[in-house]
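Each chain, written out:
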Amino acid sequence: MRAAQLKSVLPRELLASVVVFLVALPLCMGIAIASGLPPAKGLITGIIGGLVVGWLAGSPLQVSGPAAGLAVLVFELVRQHGVAMLGPILLLAGLLQLLAGRLRLGCWFRVTAPAVVYGMLAGIGVLIVLSQVHVMLDAAPQASGLDNLVGFPQALAQALPSLGWQAGLLGLATIAVMWGWDKWRPQALRFIPGALLGVGLATLASLLLALPVKRVEVPANLAEAIDWLRPADLLNLADPNLLIAAFAVAFIASAETLLSAAAVDRMHSGQRSDFDRELSAQGVGNMLCGLLGALPMTGVIVRSSANVQAGAQTRYSTIFHGLWLLGFVLVLSSVLQSIPVASLAGVLVYTGFKLVDLKVFRGLGRYGRMPMLTYAVTALAIVFSDLLTGVLIGFALTLAKLAFKASRLKISLIDLAEEGEMELRLVGAATFLKVPALTRVLATIPPATTVHVPLSNLSYIDHACLELLEDWNRANSAKGSRLVIETRGLKRRLEGRLTTTSGVGAAAARG
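Residues numbered from 1 in each chain as written. Predicted model: local features only at pLDDT ≥ 70, side-chain atom pairs only at ≥ 80, totals over all residues. Heavy atoms only, no water.

We apply this condition: UniProt positions are given in the numbering used here, feature names are shortened, and annotations may be inferred rather than shown by experiment.
Going by an unreviewed UniProt entry, the protein carries the name SulP family inorganic anion transporter and comes from Pseudomonas sp. W17. On record in UniProt, under Subcellular location (unreviewed entry), the comment for the protein is "Membrane".

In structure tokens, the structure reads:
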């Protein structure tokens, strides 16, 4: 961009970057806490998302940083493999994203059925709520969603004598402020994010009342929060469980990023997203996060929508928001240390509830009951098992639906006006799965019958069905029967064997 153009857009981009910074600040820390890591880890990811990914991004108005959608997965990875192994996992996941972008595979990550993606987000939202209600009481969350649900009454009982209820009130107050601000926010103050307002008021109240609650721990020197990747840890990637974890992080982060980028494109009329470039940029960002021991990143719709609504038109807003995060952490880290952890947990509880989007669930009903079932089963499987299992179950349901659709074939045997002639009408997809049913219908055709088989109603016919027709024609020719394949005005009479060359074979292949 030329200097004159930059000078003309700079004021608008700076203003938008401040809005995005105010949205990102509490979310970066809250998501880190929800992931079982120090808040500074989330701030490092947010800084990389702004300064590095913002510069390289293929979606110029999308903002990248730590995402609630990966918090549950990171929490589980840290619990199972330790913090030290998060770096190698992210390095490999980022490399996979970078290669996918270079190989121009970005569009394929968007093939994922929306019902699976929305169900995944809903399941993650429920898990975040179940874990963060414990954090709101200054208690430690359990390992699984079911354990968090079962253990909540005990955590609540322990909070009453231990003054954890005061932290709980701060969390509830934060949620109430965010909800009220979303509902009744004045138009003139629309640039102020509800999360920042809720956390700010809760922090002020906790300081004025001198409440004995847990507060954010941020090192005075950001370098102290960096855990450099150790080369020896890379050898542990030979563990199949870690390889699966890296592929899971890469896939979920890529799917969430590209779905977010597509949503951002619908919010403005400017430059469209280059999905392959965006995927490569995310890969570079996650590799850096792995090297520094930070959280994984994705493109995040909450920060991105705030960026668009604030009037951003170039990538400079995203870059500047990274600078604001870096400057705030370096200069005003003592302010961050005053924030109650329960207030950030309240932000995550509110965010978790918004991920369970019932409007989306009802909207899936327009496409039939199966998408709604896939959404619900995916979400419940994530809550009662784990994220990867839930997503795989969602994919299995989607594939089962496709297999069912592909195997649907309506077979009708119709008498024609001319004596001794019938029509074998096939509607749908004639695959090997329907060979038994087709065999039963062919067995009912009387001798000395000419059978017409139009292919115009078929979406597909495979070799197994064609071979069955050939076998029937050959076996019944001695009885005076014959088979006529009709396709696109071409008729080929089958005298003794079905010819799968020329027009008939080509039409069958196209079908």
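**Quick notes on the nonpolar core**
Condition: Nonpolar cores are built from buried Ala, Val, Leu, Ile, Met, Phe, Trp, Tyr and Cys residues. Side-chain atoms within 4.5 Å join them into one set. Type-normalised accessible area, obtained with a 1.4 Å probe on protein chains alone, sets the label of each residue: buried when under 20%, exposed when over 50%, and partly exposed for intermediate values. Elements are defined by DSSP. Helices are runs of H or I of four residues or more, strands are runs of E of two residues or more, and each kind is numbered from the N terminus. We call two residues contacting when some pair of their heavy atoms lies within 4.5 Å.
Leu25, Met29, Leu43, Met120, Leu336 and Leu387 are the most contacted members of the largest nonpolar core, which totals 82 residues. At 12 residues, the largest contribution of residues to this core is made by helix H1 (residues 3-34). Beyond its immediate chain neighbours, meaning those up to four positions away, Leu387 contacts Gly69, Leu73, Met120, Ile124, Ile252 and Ile382. Grouped together as the second largest cluster of nonpolar side chains are 21 residues, Met422, Leu455, Cys465 and Leu469 included.

**Brief notes about the packing of helix H8 (residues 194-208) against helix H14 (residues 341-355)**
Axes are the key here: two packed helices are described by the angle between their axes and the distance separating the axes. Note the threshold: Structural elements are reduced to axes, namely lines fitted to C-alpha atoms, with helices fitted over the stretch in contact, and the angle between N-to-C directions of any two is expressed from 0 to 180 degrees. Roughly parallel means an angle under 35 degrees; roughly antiparallel, over 145; roughly perpendicular, 65 to 115; everything else is oblique. Helix crossings get a hand from a simple test, with the near helix turned counterclockwise from the far one by less than a right angle marking a left-handed crossing and a clockwise turn marking a right-handed one.
Between H8 and H14, the shortest axis-to-axis distance is 9 Å and the interhelical angle comes to 155°. In terms of orientation, H8 and H14 fall into the roughly antiparallel class. The way H8 lies across H14 gives a crossing that is right-handed. Between H8 and H14, the contacting residues are Ala195, Gly198, Val199 and Ala202 on the first element and Ser343, Leu344 and Val347 on the second.

**Observations regarding the packing of aromatic side chains**
Our working rule: Two aromatic rings, drawn from Phe, Tyr or Trp (for Trp, its six-membered ring), form a pair once their centres lie within 6.5 Å of each other, and the interplanar angle then sorts them: stacked below 30 degrees, edge-to-face above 60, tilted otherwise.
Here the structure, examined in full by the defined rule, presents 5 aromatic pairs. Look at Phe21 and Phe328: their rings are 5.7 Å apart centre to centre, the planes differ by 55°, and that puts the pair in the tilted class. With Phe21 in helix H1 and Phe328 in helix H12 (residues 316-331), this pair connects stretches of sequence that are 307 residues apart. Judged by its relative accessible area of 9%, Phe21 falls in the buried class.

**Notes on the domain arrangement of the protein**
Quick note on the threshold: Either an automatic procedure or a domain database provided the assignment from which the domain bounds are taken.
Along its sequence, the protein is organised into domain 1 (3-402) and domain 2 (408-486). The C-alpha centroid of domain 2 is placed 57 Å from the C-alpha centroid of domain 1.

**Regarding helix H3 (residues 68-81)**
Selection criterion: Take the residue count of a helix, subtract one, and multiply by 1.5 Å to get its expected span.
End to end, H3 covers 20 Å across 14 residues, agreeing with the expected 20 Å (1.5 Å per residue, within 8%). Of all the positions in H3, only Ala68, Gly69, Leu70, Ala71, Val72, Leu73, Val74, Phe75, Glu76, Leu77 and Val78 are classed as buried. Count one or two residues on from H3 and you reach Gly82, which has phi positive near 90°.

**Regarding the pattern of salt bridges**
To keep things clear, this is the line we draw: A pair is scored as a salt bridge if a Lys or Arg side-chain nitrogen falls within 4 Å of a carboxyl oxygen belonging to Asp or Glu.
For the coordinates displayed, the defined rule picks out 10 salt bridges. The shortest N-O distance in the salt bridge between Arg12 and Glu13 comes to 3.5 Å. Since its relative accessible area comes to 27%, Arg12 is described here as partly exposed. Among the salt bridges present, the one from Arg104 reaches Asp276, with a minimum N-O distance of 3.6 Å. Residue Arg104 is found in the loop between helix H4 (86-102) and helix H5 (114-136), and its partner Asp276 is found in helix H10 (residues 275-292); the two are separated by 172 residues along the sequence. For Arg104, a relative accessible area of 57% translates into the label exposed. Linked through salt bridges whose partners overlap, the residues forming this network are Asp182, Arg185 and Lys354.

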